[in-house]
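# Understanding the architecture of this molecule
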Amino acid sequence: MTKIISVTGKGGVGKSTFSSLILKYLTQNRKKVVLAVDADSNSTLGEMLGVKVESTIGDVREEMLKEKDNLPAGISKQEYVDYQIQSAVSEEDKFDLITMGRPEGPGCYCYINSILRTFIDNISSKYEYVIIDNEAGMEHLSRRTTLKMDSLFIISEPTLIGIKTADRIRNLAFEMDIKIGNYELVINRAQNGLDAELEKLLTELEFSKYHLLPYDPALEQLLIKNVSILDLPDNSKLYKKILEIGKAL
Ligand SMILES: Nc1ncnc2c1ncn2[C@@H]1O[C@H](COP(=O)(O)OP(=O)(O)OP(=O)(O)O)[C@@H](O)[C@H]1O
Ligand SMILES: [Mg+2]
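Let us look at the structure shown here. (Residues numbered from 1 in each chain as written. Chains lettered and ligands numbered in written order. Predicted model: local features only at pLDDT ≥ 70, side-chain atom pairs only at ≥ 80, totals over all residues. Heavy atoms only, no water.)

### Quick notes on helix α3 (residues 57–67)
For the record, the criterion: Only protein chains enter the accessibility calculation, which uses a 1.4 Å probe; a residue whose area is less than 20% of its type maximum is buried, one above 50% is exposed, and one in between is partly exposed. Numbering goes from the N terminus for both helices and strands, where a helix is a DSSP run of H or I of at least four residues and a strand is a run of E of at least two. Residue contacts are defined here by distance: any two heavy atoms, one from each residue, within 4.5 Å place the two residues in contact.
Listing the buried residues of α3 in full gives I57, G58, V60, R61, M64, L65 and E67. Buried-residue contacts for α3 involve α4 (77–86), β4 (96–99) and α5 (110–124).

### Looking at the site of ligand 1
To keep it simple, the criterion reads: Being near a molecule or strand, for a residue, means having at least one of its heavy atoms within 4 Å of it. Pairs of N or O atoms within 3.5 Å make up the polar contacts considered here, provided that, within protein, one atom can donate a hydrogen while the other can accept it, and that residues adjacent in sequence are counted only when both atoms are side-chain atoms. Only the protein chains shown count as cover for residues, and all accessible areas are computed by the Shrake-Rupley method using a 1.4 Å probe.
Around ligand 1 sit 19 residues, and of these K15, S16, T17, R189 and D216 come closest. Between G12 and ligand 1, the recorded distance is 2.9 Å, taken from a backbone N or O atom to an oxygen atom. Protein contacts shield 83% of the accessible area of ligand 1, which totals 630 Å² for the unbound molecule. At the level of elements, α1 (15–27) and α9 (217–224) are the ones that each hand at least two residues to the shell around ligand 1.

### Regarding the side chain of S151
With respect to the helices, strands and loops of the structure, S151 is situated in strand β6 (residues 148–156). Not counting chain neighbours up to four residues away, the residues in contact with S151 comprise I4, I5, S6, N182, E184 and L249.

### Here we look at the packing of aromatic side chains
Pairs of aromatic rings are described using the distance from one ring centre to the other and the angle between the two planes. To keep things clear, this is the line we draw: Aromatic contacts are taken between Phe, Tyr and Trp rings whose centres are within 6.5 Å, Trp giving its six-membered ring; a plane angle under 30 degrees counts as stacked, one over 60 as edge-to-face, and the others as tilted. Placement of a charge over a ring requires the Lys NZ or Arg CZ to be within 6 Å of the ring centre, with the centre-to-atom vector within 35 degrees of the ring normal.
One pass over the full model with this rule turns up two aromatic pairs. Here F18 and F153 contribute two aromatic rings whose centre-to-centre distance is 5.0 Å and whose plane-to-plane angle is 55°, an arrangement assigned as tilted. Of this pair, F18 sits in helix α1 while F153 sits in strand β6; the two residues are 135 residues apart in sequence, bridging distant segments of the chain. Taken individually, F18 and F153 each receive the classification buried, so the pair is uniform in this respect. Judged by centre distance (6.3 Å) and plane angle (55°), the rings of F174 and Y183 are tilted. Take F174: its relative accessible area is 56%, and that puts it in the exposed class. Sitting over the ring of Y239, K24 keeps its end group 4.8 Å from the ring centre. Between R170 and the ring centre of Y183, over which it is positioned, the NZ or CZ distance is 5.3 Å.

As structure tokens, this is what we get:
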């Protein structure tokens with residue numbers, strides 16, 4: 001059974017960083033067991049991972065809408081659709097990446113979206129893990145494409161407002177009809193542990209688990225040099241924490 005891991009949280013908290021490092025863990029010594037999905041319309045995951053993204057699902061959707069009555073000769077509709085969609089999968093040595101890309105423009109997308117959904121469900125089942133890097137905020141939960149997640153990681157900054165926001169996201173996810181195995185809170189850039197007030201707040205909330213990730217200056221250096229985040233050294237203090245989280249998946 002494919003394990004679906006979804007990563008959410010407000011803007012700039014470290015969702016893409018966390019998704020990338022979990023991907024690094026899951027692909028260590030193993031190939032092609034993970035499908036990464038960049039579900040943020042402002043797609044940055046590919047760039048972080050050092051992947052050149054040629055086409056997005058958003059591009060395919062627009063193309064299909066434009067060309068649906070005007071298919072190239074000698075090719076069936078299904079073949080055309082399969083070919084187009086396949087072009088939105090970036091195949092890397094160790095993993096595959098799908099970039100969802102821009103949201104829908106005006107037009108009738110119901111038919112196209114149902115084809116795309118079936119495709120994404122089918123392709124997901126071929127991997128051991130699917131890791132979804134979501135856009136900031138909660139809206140993606142109501143526009144959900146999947147009805148089941150094994151783990152929902154909610155990333156937060158180490159502040160009262162940050163953790164309360166994470167809790168609101170947890171509550172919303174809980175109220176929706178999505179089956180979620182674990183709700184795990186990840187407090188990122190928690191340099192010196194947590195202060196008493198945050199500790200107290202956490203005892204009142206209902207996360208299955210919570211994790212603290214340290215600030216790691218090595219990350220900024222990778223981004224400045226435009227090096228894939230997958231090259232973060234295994235002995236960095238941030239990656240050591242990711243190992244602990246990854247082992248429990
Ligand atoms: N633990 C950390 N140590 C140092 N820098 C970090 C850490 N976590 C994230 N960052 C940096 O913070 C910035 C934002 O991280 P990231 O892009 O992962 O956030 P995001 O939640 O995906 O943002 P967005 O909402 O824009 O998608 C990046 O420059 C990243 O390198
Ligand atoms: Mg991001």
